[in-house]
Each structure stands twice: as structure tokens, then as C-alpha cells.
Amino acid sequence: MTFNRRNDRNTENSEFEEKLINVNRTAKTYQGGRRFRFAALVILGDRNGRVGMGIGKAKEVPVAIEKAKSVARKNMITVPVENGTIPHEIVGVNTTSRVLLKPASAGTGVIAGTVPRSIAELAGITNLLSKELGSRNQINVAYAVFDGFKKLRTAKQVRALRGGNVGGTDVSKSPAQTPASQSATTQAGAAEAGGSL
């Protein structure tokens, strides 16, 4: 019995949707004429927080796309999505490209350029505001969006990193032990002492 490995691989990864963002053609001149090569930028995502990006280069477009898909599967990241949007505002940076990503309320939709919109939709984000700053090169913008997504943290993750109570008062310190209250008490005592002299 023979197995078709290529088909098995395709069915195994069918959970991811794919989107071709850009195909760039380059040419090099040889003695017999010009030879073309293609670079494809592909985004993969499951619309449930997982998304990946890959760039593949080859002499033919279909081969370049397959290479890009393979790279994207290896570079999957998990984006924290809360109520269809991101937890907080963030700026992703790559070379001269910067992308501002802001959470949006329900019903807003994804207000973004072509590349950030594609990445956000495949990551499962339904409400997002974004602005591309600096270079608009599609590959750099895609890397900047992924940089921003990698830096996102939920309140629970921040609480675990700090090891304390985020957004509330720390019960280990009573009001009398805080520096502000100590200074106020000291000042009041000094005033009383000065007045009695």
C-alpha cells in the first residue's frame, strides 16, 4: 500500500486558512537574457488566535507560494484575543515601518490597511483600529504587525509576571505603612512639637 505524503500533509494542515498578500518579481540579466524569480508573502491563520507569516522564493510562483506556506507553519504565534479585539494599545516596529494597533469596541470592525487587516482577520480579531506609520512596504508592515502581536500581554499574564495584584491595592501594605502617610504623620508631629515650644 502506498501513501501520498503530499495529500496527507495538506489534509493535516487544512485547519489553517491561507491568504496570499504579495508576489514580488525580480529579474537578473544573463548572457542569454533575463531570468525571473518570484517572492511570495503568505499569511496562515485559524481565526482562533493562531497566525503565521512566511516568505518563499523560487523561479515559479506556485513553488514560491508552497515554500511560503511551509515557512508560515513553522512561525506560528498565538495572539491574545479578548472579546474580538486585542487587550491593549501597542506599536509594532520593523526597520522603518511602524504600525499602531488599538483595541476597538464591538461592532467597529477591522479598520486597517490591506496587510494588517488580513493578519488580524486570520488571527480571529473582529474589532481593531490601526495606522501604518513610516514605510508602507508590505513585507516590513507585515513584520511590524507580527512584532506588535508578539508584545501583547493580557492582564492575567502581567499579573503573573509581576507576582502581585494588578489593578487593585496590595493588602500587604497598610495605609499607615505607605511613604506618603508616613511623611504626613511626621509633618503633623513636627508641627505639634513646634507649636508647643
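1. Concerning the overall build of the protein chain
What the protein chain contains, in helices and strands, is six helices and eight strands. Along the protein chain, helices (α) and strands (β) appear in the sequence α-β-β-β-α-β-β-β-β-α-β-α-α-α when read from the amino end. Taking all 197 residues of the protein chain together, the buried fraction comes to 30%. On the protein chain, roughly 12700 Å² of surface is accessible, and the fraction owed to carbon and sulfur atoms is 50%.

2. What to know about unusual backbone geometry
For R47, which is not a glycine, the phi torsion comes out positive at approximately 60°. Relative to the helices and strands, R47 is located in the loop between β2 (33–45) and β3 (50–58). For R47, a relative accessible area of 42% gives the class partly exposed. With a phi angle near 50°, T95 is a residue other than glycine that sits in the positive phi range. Taking the relative accessible area as the measure of exposure, T95 reaches 60% and is therefore exposed.

3. Digging into the confidence of the model for the protein chain
Per-residue confidence for the protein chain gives a mean pLDDT of 82; residues scoring 70 or more make up 76%. The low-confidence segment residues 1–5 (pLDDT under 50) makes one contact with residues lying over four places distant or belonging to another chain.

4. Focus on the sheet that holds strand β5 (residues 90–94)
Here four strands make up an open sheet; going across it, the order is β5-β6-β8-β7 and the pairing mixed. Only two strands of the sheet have a single neighbouring strand rather than two, namely β5 and β7 (110–111). For β7 and strand β8 (residues 128–134), the ladder comprises two bridges, and the chain directions are parallel. By the bridge assignment, V110 is partnered in β8 with L128. Sitting on the sheet, helix α4 (residues 138–150) is in contact with β5, β6 (97–103) and β8, with an inclination near 135° to β5.

5. Points about the pairing of β2
By the bridge criterion, 13 bridges tie strand β1 (residues 17–30) to β2 in an arrangement that is antiparallel. Bridged to V23 within β2 is A40. Counted along the chain from β1 to the antiparallel partner β2, the turn is two residues long. Taking the residues between adjacent antiparallel strands as the criterion, β2 and β3 are bridged by four residues, where R47 takes a positive phi near 60°.

6. Some thoughts on the layout of surface pockets
As a volume, the largest pocket reaches approximately 180 Å³. Every residue along the wall of the largest pocket is listed here: M53, G54, I55, V71, N75, M76, I77, Y143, F146, D147 and K150. Elements represented by at least two residues in the lining of the largest pocket include exactly β3, β4 (76–78) and α4. No other element matches the four residues that α4 contributes to the lining of the largest pocket. Here the residues of the lining of the largest pocket are counted per class, giving seven nonpolar, two polar and two charged.

Calculation criteria
Residues numbered from 1 in each chain as written. Predicted model: local features only at pLDDT ≥ 70, side-chain atom pairs only at ≥ 80, totals over all residues. Heavy atoms only, no water. Helix = DSSP H or I, 4+ residues; strand = E, 2+ residues; numbered from the N terminus. Buried < 20%, exposed > 50% of the residue type's maximum accessible area, 1.4 Å probe, protein only. Areas by Shrake-Rupley, 256 points an atom, 1.4 Å probe, with all protein chains shown as cover. pLDDT = per-residue confidence, 0-100. Contact = heavy atoms within 4.5 Å. Pairing = 2+ DSSP bridges. Axes fitted to C-alpha atoms, helices over the stretch in contact; angles between N-to-C directions. 1 Å grid on protein atoms, 1.4 Å probe; cavity = no way out; pocket = protein on both sides within 12 Å on 5 of 7 lines; lining within 4 Å. Points joined across faces, edges and corners; volume = space filled by probe spheres on them. Nonpolar A, V, L, I, M, F, W, Y, C, P; charged D, E, K, R; others polar.

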